[in-house]
Amino acid sequence: MFKYSALLALVALMPAIANAQSPLYGQCGGIGWSGATTCVSGSSCQKLNDYYSQCLPGAAAPTSAPTSAPPTSPTVTPTAPGSSVPLPSTTPTAGNPFVGYEAFLSPYYQDEVTAAVSAISDPTLKAKAAKVASVPNFTWFDVIAKVPTLGDYLSAASAKQASTGTKQLVQIVVYDLPDRDCAALASNGEFSIANNGLNNYKGYIDQIVAQVKKFPDVRIVAVIEPDSLANLVTNLNVQKCSGAQTAYKQGVTYAMQQLNAVGVYMYLDAGHAGWLGWPANLTPAAQLFAQLYKDAGSPQFVRGLATNVANFNALRASSPDPITQGNQNYDEIHYIEALAPALSSQGFPASFIVDQGRSGVQNIRQQWGDWCNVKGAGFGMRPTTNTGSSLIDAVVWVKPGGECDGTTNTSSPRYDAHCGLSDAAPNAPEAGTWFQSYFETLVSAANPAF
Ligand code: BGC
């Protein structure tokens with residue numbers, strides 16, 4: 001604590017002794033930094049970590065160590081460079097970011113669903129499937145090559161907002177850590193730690209930030225890195241996960257800080273009830289999430305955690321599925337109610353969002369750990385802010401139903417044995433690609449029905 005305060009005092013002194021000015025979002029301090037330490041007009045030098053201070057819109061943040069107090073709103077109205085449009089960082093950060101906004105429909109998913117509907121001949125199923133296109137879903141940026149399309153989506157959302165007067169919320173998933181999916185094979189990603197992966201990841205985040213900056217009028221909610229931190233809680237016995245620990249933490253911290261600087265609301269992925277919800281895992285999970293959050297400077301736009309992403313658990317199960325036996329946190333609400341106080345007491349007053357996209361049918365798995373294209377699943381509860389819990393900001397659909405969890409092709413390098421289990425759907429393509437027959441069963445088994 002003493003060291004931290006001393007460094008802050010040093011950073012605070014720096015502007016007084018420097019002449020040149022750093023641009024908005026430029027570096028302006030940090031250990032080893034010898035460049036400009038003052039910022040252009042309208043921005044101020046704010047410490048993100050010991051190694052990096054950045055020129056951010058508005059007045060300086062209070063120069064005290066981060067605390068667990070709820071985030072406060074900036075009092076000034078910063079603008080984007082060369083524009084008079086307020087940056088999203090001016091929006092009040094206390095409160096649920098979903099309230100007052102309409103979730104913009106992912107054009108990417110709409111295209112997938114449109115193609116899927118045209119391939120269905122049964123008229124009843126076809127009509128139901130067409131309705132899926134109007135349920136908001138998250139868009140996954142699972143490779144860096146997709147990032148430029150974020151600009152297209154934001155541009156379309158901005159135009160819709162301008163023409164309808166209804167405020168738009170774009171929902172994205174940040175998913176490209178190096179050595180991704182360290183405890184499984186199906187979603188191994190494009191970056192490898194051994195091959196400059198962390199720097200590549202930072203470049204990926206920087207590209208997202210660049211797109212976000214172009215559309216300061218559109219609100220963005222992001223789920224950060226499904227499975228990554230949960231793997232660090234329970235899977236450090238897997239060599240790839242222990243080897244990825246530092247890169248995951250640094251990558252997620254970088255994502256939090258950089259996306260925070262441009263006003264993206266974030267929920268860190270927190271696995272699900274059948275993973276971190278086991279009593280023995282709750283405390284270590286809360287410690288890891290809270291530590292990262294605090295080390296990142298308690299970023300005001302990190303709103304909390306996302307649970308059940310791409311999984312199949314109910315928010316509120318009518319009765320415990322037998323596979324959950326031994327865990328009193330047998331559904332997401334129990335998990336969240338157990339985790340939230342542990343987080344708060346560690347200095348992370350988190351709110352939650354819960355994926356219910358494929359949770360319409362329960363008691364379909366042979367084991368709780370089965371996660372791949374589970375047979376018999378149906379689309380679930382529709383996205384809503386009417387969650388019945390003050391801890392939960394929104395029920396959302398994060399996994400785009402119809403996109404595959406993992407291939408059944410045993411000769412693929414990404415073949416994972418979970419996808420070959422008897423409760424996993426057969427003939428599955430690679431993770432993330434379209435799985436038409438699975439989509440059709442999600443539609444026909446949807447609960448509530450379409
Ligand atoms: C895949 C990603 C995909 C995501 C959403 C993951 O399992 O690895 O490529 O974007 O699911 O469908």
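Remember, predicted model here, so these are calculated numbers, not experimental data.

Asker: Could you clarify how one ought to interpret the overall build of the protein in this entry?
Answerer: Per the secondary structure count, the protein includes ten helices and 13 strands. The proportion of buried residues among the 450 residues of the protein is 54%. Counting contacts in the protein only where the partners sit at least 6 residues apart, residues at least 24 apart contribute 72% of the total. For the protein, the computed accessible surface area is about 17,900 Å², with 55% contributed by carbon and sulfur atoms.

Asker: Just checking my understanding: could you explain the layout of surface pockets for this structure?
Answerer: If a probe as big as a water molecule is rolled over the atoms, it shows which places are left empty. In this structure, the second largest pocket spans a volume of roughly 920 Å³. Forming the boundary of the second largest pocket are 42 residues, of which Tyr175, Asp181, Ser187, Asp227 and Trp371 lie nearest the centre. Taken together, the elements giving at least two residues each to the lining of the second largest pocket come down to helix 2 (107–118) and strand 7 (139–141). Residues of the lining of the second largest pocket, tallied by class, amount to 17 nonpolar, 14 polar and eleven charged.

Asker: Sorry if this is basic, but what is going on with the pairing of strand 13 (residues 392–396) here?
Answerer: Where a strand is regular, its side chains alternate between the two sheet faces. Buried residues dominate strand 13, accounting for five of its five residues. Both strand 12 (residues 351–355) and strand 13 contribute to a ladder of four bridges, which runs parallel. When the sheet's bridge partners are listed, Asp355 is paired in strand 13 with Val396.

Asker: What exactly am I supposed to notice about the packing of helix 2 against helix 3 (residues 123–132) here?
Answerer: Two measures define how a pair of helices packs: the angle their axes make with one another and the distance between the axes. Contact geometry for helix 2 and helix 3: axes closest at 9 Å, N-to-C directions at 175°. Classified by the angle their axes make, helix 2 and helix 3 are roughly antiparallel. Facing helix 2, whose interface residues are Tyr109, Val113, Val117 and Ser118, helix 3 presents Lys126, Ala129, Ala130 and Val132. Of the residues in the contact of helix 2 with helix 3, the class split is six nonpolar, one polar and one charged.

Asker: It is not clear to me how the site of the ligand should be interpreted in this structure. Could you clarify?
Answerer: As a structural note, the neighbourhood of the ligand is formed by Trp140, Asp142, Tyr175, Ser187, Lys399, Pro400, Glu403, Ala431 and Gly432. In this structure, an oxygen atom belonging to the ligand sits 2.6 Å away from a side-chain N or O atom of Asp142. Residue Ser187 places a side-chain N or O atom 2.5 Å away from an oxygen atom belonging to the ligand. Across the complex, the protein chains shield 94% of the 310 Å² of accessible surface that the ligand would expose by itself. With respect to the detected pockets, the ligand is housed in the second largest pocket. Grouping the amino acids of the shell around the ligand by side-chain chemistry returns four nonpolar, two polar and three charged.

Asker: How should I be thinking about the UniProt feature "active site" (unreviewed entry) in the protein in this particular structure?
Answerer: If you check UniProt for "active site" (unreviewed entry), the listed places come out as Asp181, Asp227 and Asp405 in our numbering. Taken along the chain, the residues just named run across 225 residues; in space they keep tight, none of their C-alpha pairs more than 13.1 Å apart. Considering only the residues just annotated, the second largest pocket is lined by Asp181, Asp227 and Asp405. Within the secondary structure layout, Asp227 lies in the loop between strand 9 (219–224) and helix 6 (228–234). Overall, the relative accessible area of 23% leaves Asp227 in the partly exposed class.

Asker: Mind showing me how you'd approach helix 5 (residues 197–214) here?
Answerer: Since the α-helix turns once every 3.6 residues, residues separated by three or four places project in the same direction. Taking 1.5 Å of rise per residue, 18 residues should cover 26 Å, and helix 5 covers 26 Å from first to last C-alpha, within 8% of that figure. Looking only at helix 5, the buried set comprises Gly197, Leu198, Tyr201, Tyr204, Ile205, Ile208, Val209, Gln211 and Val212. Along helix 5, the residues classed as buried sweep out an arc of 165° about the axis, all on the same side. Residues of helix 5 that are buried make contact with strand 7, helix 4 (147–164), strand 8 (168–174), strand 9 and helix 7 (239–261).

Asker: Please clarify how helix 2 should be interpreted in this entry.
Answerer: If you check helix 2, its first and last C-alpha atoms are 17 Å apart, about what twelve residues at 1.5 Å a residue would give, namely 16 Å. When helix 2 is considered as a whole, its buried residues turn out to be Tyr109, Glu112, Val113, Ala116 and Val117. Along the axis of helix 2, the buried residues cluster in a sector spanning 130°; they form a single face. In helix 2, the exposed positions that point more than 90 degrees away from the buried face belong to Asp111, Thr114 and Ser118. Lining the buried residues of helix 2 we find helix 3 and helix 10 (436–444).

Asker: Would you mind going over the pattern of salt bridges with me for this structure?
Answerer: For side chains of opposite charge, pairing can occur when their charged atoms come near one another. By the definition in use, this model includes seven salt bridges. The shortest N-O distance in the salt bridge between Arg303 and Asp393 comes to 2.7 Å. Of the two residues, Arg303 sits in strand 11 (residues 302–307) while Asp393 sits in strand 13, which places them 90 residues apart along the sequence. A relative accessible area of 2% means that Asp393 is categorised as buried. Of the charged contacts, one joins Asp405 and Arg358 as a salt bridge, the two residues approaching to 3.0 Å between their closest N and O atoms. With Asp405 in the loop between strand 13 and helix 10 and Arg358 in the loop between strand 12 and strand 13, this pair connects stretches of sequence that are 47 residues apart. We classify Asp405 as buried; its relative accessible area is 6%.

Conventions we followed
- Residues numbered from 1 in each chain as written.
- Predicted model: local features only at pLDDT ≥ 70, side-chain atom pairs only at ≥ 80, totals over all residues.
- Heavy atoms only, no water.
- Helix = DSSP H or I, 4+ residues; strand = E, 2+ residues; numbered from the N terminus.
- Buried < 20%, exposed > 50% of the residue type's maximum accessible area, 1.4 Å probe, protein only.
- Contact = heavy atoms within 4.5 Å.
- Areas by Shrake-Rupley, 256 points an atom, 1.4 Å probe, with all protein chains shown as cover.
- 1 Å grid on protein atoms, 1.4 Å probe; cavity = no way out; pocket = protein on both sides within 12 Å on 5 of 7 lines; lining within 4 Å.
- Points joined across faces, edges and corners; volume = space filled by probe spheres on them.
- Nonpolar A, V, L, I, M, F, W, Y, C, P; charged D, E, K, R; others polar.
- Pairing = 2+ DSSP bridges.
- Axes fitted to C-alpha atoms, helices over the stretch in contact; angles between N-to-C directions.
- Parallel < 35°, antiparallel > 145°, perpendicular 65-115°, else oblique.
- Near = heavy atom within 4 Å.
- Polar contact = N/O pair within 3.5 Å; in protein donor to acceptor, adjacent residues only side chain to side chain.
- Sits in = over half its atoms within 2 Å of the grid points.
- UniProt positions renumbered as here; feature names shortened; annotations may be inferred.
- Expected span 1.5 Å × (residues − 1).
- Arc of directions from axis to C-beta.
- Salt bridge = Lys/Arg side-chain N within 4 Å of Asp/Glu carboxyl O.

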